[in-house]
Amino acid sequence: MEVFKGQNILSFVKELPNDEACKAYLAKIKWQDGFKCMKCDHTKGCEKAGYRYHCYGCNHVESATANTLFHKVKFGLQKAFCVVFEMSTSTKSVSSIQMGKRFDIRQGTAWYFMQKVRKSMKSSQKYPLTEIVHVDEFTVGGKEEGKQGRSYDSKKKKAVIAVELNVKHQIKRVYVKSIDDYSAKSLTPIFEEHISPSAKIVTDKWRGYAPLKKSYDIEQKLSNNGRNFKELHVVIMQLKSWLRAIPTHVSKWHVQSYFDEFCFRINRSQFKQSVFHKTIERMVIAKPVYHKDVKQRLSV
Ligand SMILES: [Zn+2]
């Protein structure tokens, strides 16, 4: 079986027609570099029926989904693959309510699985922005964001955004981080995690950026009502419209996962051919998420 490429839903259903085919797809990714037992790290074993591996070291039989984000998916792998396909290839956000209806999954179950997909979309932080980078802060949520009660929280959440532009001022990549306030301390992590010290950075005149000039090449200029940061504000508008599809109450921790999903799609938009496969691959490599972890985060 080949790697699935592109965004064509008919080809997708044809190539991955049932749970069995999806399991085979996962097994191929999981053991592409050979078998390594998740219990004892032994590398000798044999394949068993049902895309499982029998470890000769400890006799453990490991399934293709064990230790991946597909572990214990209750509604079947094909539906899970469909959710990943929707989330990784469509340009509009889909709420867990819509996703639940589309694939006949309970809304809560769909939401929980979608959080796992979002986890895999989190940046690896391996490829910092290197060209022209515009940085600004903004808020999301609050009454003015939503129309007719569609805002997702009564309190505004603060965020900082970094947009990489090429010399023609076209948007290349974007990172967004949820922050507590606009202090230099809160603004520093997005620089450390996502911006190369060699990048040419432009911010507005906010004093919170001044201490960062020691480590980064930062030019501070007047925003001129956003006119000097046109591309950046286009992305913020897109992000705000994207967030309108998300649930009414979103904790600070969860809002970051929606930011990650948004950025993943923008940053992958030039790689539409491989985006589904890459997402599945990340979900296979990622550590499993347990219900209690996600639930605990709700109260944060
Ligand atoms: Zn073993």
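Conventions we followed
- Residues numbered from 1 in each chain as written.
- Predicted model: local features only at pLDDT ≥ 70, side-chain atom pairs only at ≥ 80, totals over all residues.
- Heavy atoms only, no water.
- Axes fitted to C-alpha atoms, helices over the stretch in contact; angles between N-to-C directions.
- Helix = DSSP H or I, 4+ residues; strand = E, 2+ residues; numbered from the N terminus.
- Parallel < 35°, antiparallel > 145°, perpendicular 65-115°, else oblique.
- Left-handed = near helix turned anticlockwise from the far one by under 90°.
- Contact = heavy atoms within 4.5 Å.
- Nonpolar A, V, L, I, M, F, W, Y, C, P; charged D, E, K, R; others polar.
- Patch = residues over 30% accessible without salt bridge, like charges linked within 9 Å, V, L, I, M, F, W, Y side chains within 5 Å.
- Areas by Shrake-Rupley, 256 points an atom, 1.4 Å probe, with all protein chains shown as cover.
- Salt bridge = Lys/Arg side-chain N within 4 Å of Asp/Glu carboxyl O.
- Buried < 20%, exposed > 50% of the residue type's maximum accessible area, 1.4 Å probe, protein only.
- pLDDT = per-residue confidence, 0-100.
- Polar contact = N/O pair within 3.5 Å; in protein donor to acceptor, adjacent residues only side chain to side chain.
- Pairing = 2+ DSSP bridges.

The geometry of helix 3 (residues 77–89) relative to helix 4 (residues 96–103) is characterised by a closest axis approach of 11 Å and an angle of 135° between their N-to-C directions. Considering the angle they form, helix 3 stands oblique to helix 4. Both helix 3 and helix 4 take part in a crossing whose hand is right-handed. On the side of helix 3, the interface is formed by Lys79, Cys82, Val83, Glu86 and Met87, while helix 4 contributes Met99, Arg102 and Phe103. Within the contact of helix 3 with helix 4, the residues separate by chemical class into five nonpolar, no polar and three charged.

Let us now look at a nonpolar patch on the surface. A contiguous nonpolar patch, built from Ile9, Leu10 and Val13 and spanning about 300 Å² of accessible area, is present on the exposed surface. Within the secondary structure layout, valine 13 lies in helix 1 (residues 9–15). Residue valine 13 is classed as partly exposed on the basis of its relative accessible area, which comes to 42%.

Before going further, it helps to spend a moment on the confidence of the model for the chain. Confidence in the prediction of the chain, expressed as mean pLDDT, is 88, and 88% of residues score 70 or more. When the criterion is pLDDT under 50, residues 144–153 qualifies, and its contacts beyond four places in sequence or with other chains add up to 23 contacts. Taken as a whole, residues 296–300 scores under 50 in pLDDT and shows eight contacts with residues more than four places along the chain or in a different chain.

The next point concerns the pattern of salt bridges. Summed over all chains, the structure comprises nine salt bridges. Between lysine 30 and glutamate 62 there is a salt bridge; the shortest N-O distance is 2.8 Å. With lysine 30 in helix 2 (residues 19–30) and glutamate 62 in strand 3 (residues 61–63), the pair connects residues that are 32 residues apart, well separated along the chain. Of the residues examined, lysine 30 reaches a relative accessible area of 18% and is grouped as buried. Glutamate 62 sits in the buried class, given a relative accessible area of 2%. Across the pair lysine 172 and glutamate 131 runs a salt bridge whose closest N-O atoms are separated by 2.7 Å. One end of the pair, lysine 172, is in strand 6 (residues 171–179); the other, glutamate 131, is in the loop between helix 5 (107–120) and strand 4 (132–140), with 41 residues separating them in the sequence. What you see here is one network of salt bridges that share partners, running through Arg118, Glu261 and Arg265.

As for its position among the elements, histidine 277 is in helix 9 (residues 275–285). In this structure the C-alpha to C-alpha distance between histidine 277 and phenylalanine 4, which are 273 residues apart in sequence, comes to 6.2 Å. Only 2.7 Å separates the side chain of histidine 277 from the side chain of tyrosine 25, close enough to count as a polar contact.

Spatial ordering of the open sheet is given by 1-2-3, a layout of three strands whose pairing is antiparallel. Of all the strands in the sheet, just strand 1 (45–48) and strand 3 have a single pairing partner and so form its edges. The mean inter-strand angle of the sheet, taken between neighbouring strand axes irrespective of direction, is 25°.

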